[in-house]
Amino acid sequence: MTDTLFAGLTPAPADPILGVSEKFRADPRPQKVNLGVGAYLTEEGKTPLMEVVREAEEALAQSGQAHTYIPISGLPAYTAAVQKMVFGADSEIVLSGRAATVQTLGGTGALKVGMDFLHHVCGETRGVSSKPTWGNHFALLEQAGYEVGSYRYYDAANNDVDFNGMIEDLNALPAKTLVILHSCCHNPTGYDLTSEQWDEVIAVCQKRGLTPFLDMAYQGFRDGLAADAAAIHQFAKSGMNFLLATSFSKSFNLYGERIGALHVVTQSAQEAAVVLTQLKSCIRCNYSNPPAHGARIVERVLNDPAKFAQWEEELAVMRNRIRTMRHALADEMARIGAKRDFSFITRQNGMFSFTGLSPEQIDRLAADYGIYAVRNGRICICGLNTGNVEYVAKAIAEVL
């Protein structure tokens, strides 16, 4: 028998994050903890249905809208509302119309469409992200056809950002390099840049002719919606071209609806109009049209001041629970006299923490205690609750 088309294929490696949850579910032990999940969880370990989302869905069900195709670029009311929320309704970028915004399949879809646009339309061939970064960043760059690299970001010895290393690496990049930047709640480290550091990054990007592509998947999970967009506003004021991927998976708990947006900031409304045609072309040959249901939910909330305020309140509850769990873990580690000071966890932001645990220590947590996390040491703080934080702290202390 002759070789078939697929005879020589080997299995692709399992996703390092999704694979953790699979191992957790297969563990028969009654006492187990999933710290690898990339989603918000309540104290009861459930992904919540936000009240503002439930109300919007009920209203949509009663409206009886047909499930027709929506425009390639997304619902106009959605893209307009998202643009105003991200940049500010009174932003010069919004008022001048020099940003092209399209609805995408979550933040991942925004990154992919933006990368395709920069590579196939604008001719960029090199892309970098922080070391470490969200694992999919490098895979997306590679699949889009880029030569992939990285810049220093994490200072393990000092539990902080290696900012000098980051700037040195950015300064060494050739012009027209796509640079992925985490605008807030850096995944996986939880360490963010200060306003002054962002100013320096912007200056380097301008001087070197780099193309910033900001990824904001966790807006609202650090200090609040407006505060978490501060880096975006700094880039907006710089006058430079940049791209931005945003997502409502986390902030609305709409994980399965895949609702995000890509924003391309240009120099004029005329440029934005041309860019929009190219983005629509990229979308058309990727997935043709984005989904309508989740976009209609988000649009109804963003365009209604009362619902918007309700959403902010529900988001604050989520944010505060995460912050409480950070302090609870750090306090418990100190109380039991762990070999390491874990107070650095309280200085990190967002859903994730880079613990500094080695792959071998992560393996021991899984084997001996049924505690599952990504082998690079990243844990999801949302997997902690008042019922398991002492157990997790004791286990971590044992493997140190």
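> Can you help me understand the nonpolar core in this one?
Considering soluble globular proteins, one finds that nonpolar side chains tend to be buried as a cluster. If you look at the biggest cluster of nonpolar residues, it comprises 103 residues, and the most contacted ones within it are Phe87, Val201, Phe248 and Trp311. Ala100, Phe117, Leu140 and Leu178 belong to the second-largest nonpolar core, a separate cluster that totals 24 residues.

> Can you walk me through the layout of surface pockets in this structure?
Left-over empty space is what a probe sized like a water molecule reveals as it rolls over the atoms. Considering only enclosed or pocket space, the largest pocket measures out at about 740 Å³ in volume. Lining the largest pocket we find 33 residues, and of these Ile17, Thr108, Trp134, Asn136 and Lys250 sit closest to its centre. Of all the elements in the fold, those that place two or more residues in the lining of the largest pocket are helix H1 (18–26), helix H5 (106–121) and helix H6 (135–143). Examining the composition of the lining of the largest pocket, we find that four residues originate from one element, H6, more than from any other. There is about 310 Å³ of room inside the second largest pocket.

> Just to check I follow, could you spell out the pattern of salt bridges for this structure?
Proximity of charged atoms lets side chains of opposite charge pair with each other. What the rule picks out here adds up to 16 salt bridges. A salt bridge links Lys112 to Asp116, with the nearest nitrogen and oxygen atoms 2.8 Å apart. Residue Lys112 and its partner Asp116 are both found in helix H5; the two are separated by four residues, about one turn of the helix. Judged by relative accessible area, Asp116 falls into the buried class, the value being 7%. Between Lys307 and Asp304 there is a salt bridge; the shortest N-O distance is 3.4 Å. Connected through salt bridges with shared partners, the residues Asp192, Arg222, Asp223 and Asp228 form a single ionic network.

> What's the story with the packing of helix H12 (residues 293–302) against helix H13 (residues 305–335) in this structure? I'm lost.
For the pair H12 and H13, the least separation of the axes is 6 Å and the interaxial angle reads 105°. With respect to H13, the axis of H12 lies roughly perpendicular. Of H13, the residues touching H12 (which contributes Arg300, Val301 and Leu302) are Lys307, Phe308 and Trp311. Residue classes in the contact of H12 with H13 are distributed as four nonpolar, no polar and two charged.

What counts as what
Residues numbered from 1 in each chain as written. Predicted model: local features only at pLDDT ≥ 70, side-chain atom pairs only at ≥ 80, totals over all residues. Heavy atoms only, no water. Core = buried A, V, L, I, M, F, W, Y, C linked by side-chain atoms within 4.5 Å. Buried < 20%, exposed > 50% of the residue type's maximum accessible area, 1.4 Å probe, protein only. 1 Å grid on protein atoms, 1.4 Å probe; cavity = no way out; pocket = protein on both sides within 12 Å on 5 of 7 lines; lining within 4 Å. Points joined across faces, edges and corners; volume = space filled by probe spheres on them. Helix = DSSP H or I, 4+ residues; strand = E, 2+ residues; numbered from the N terminus. Salt bridge = Lys/Arg side-chain N within 4 Å of Asp/Glu carboxyl O. Axes fitted to C-alpha atoms, helices over the stretch in contact; angles between N-to-C directions. Parallel < 35°, antiparallel > 145°, perpendicular 65-115°, else oblique. Contact = heavy atoms within 4.5 Å. Nonpolar A, V, L, I, M, F, W, Y, C, P; charged D, E, K, R; others polar.

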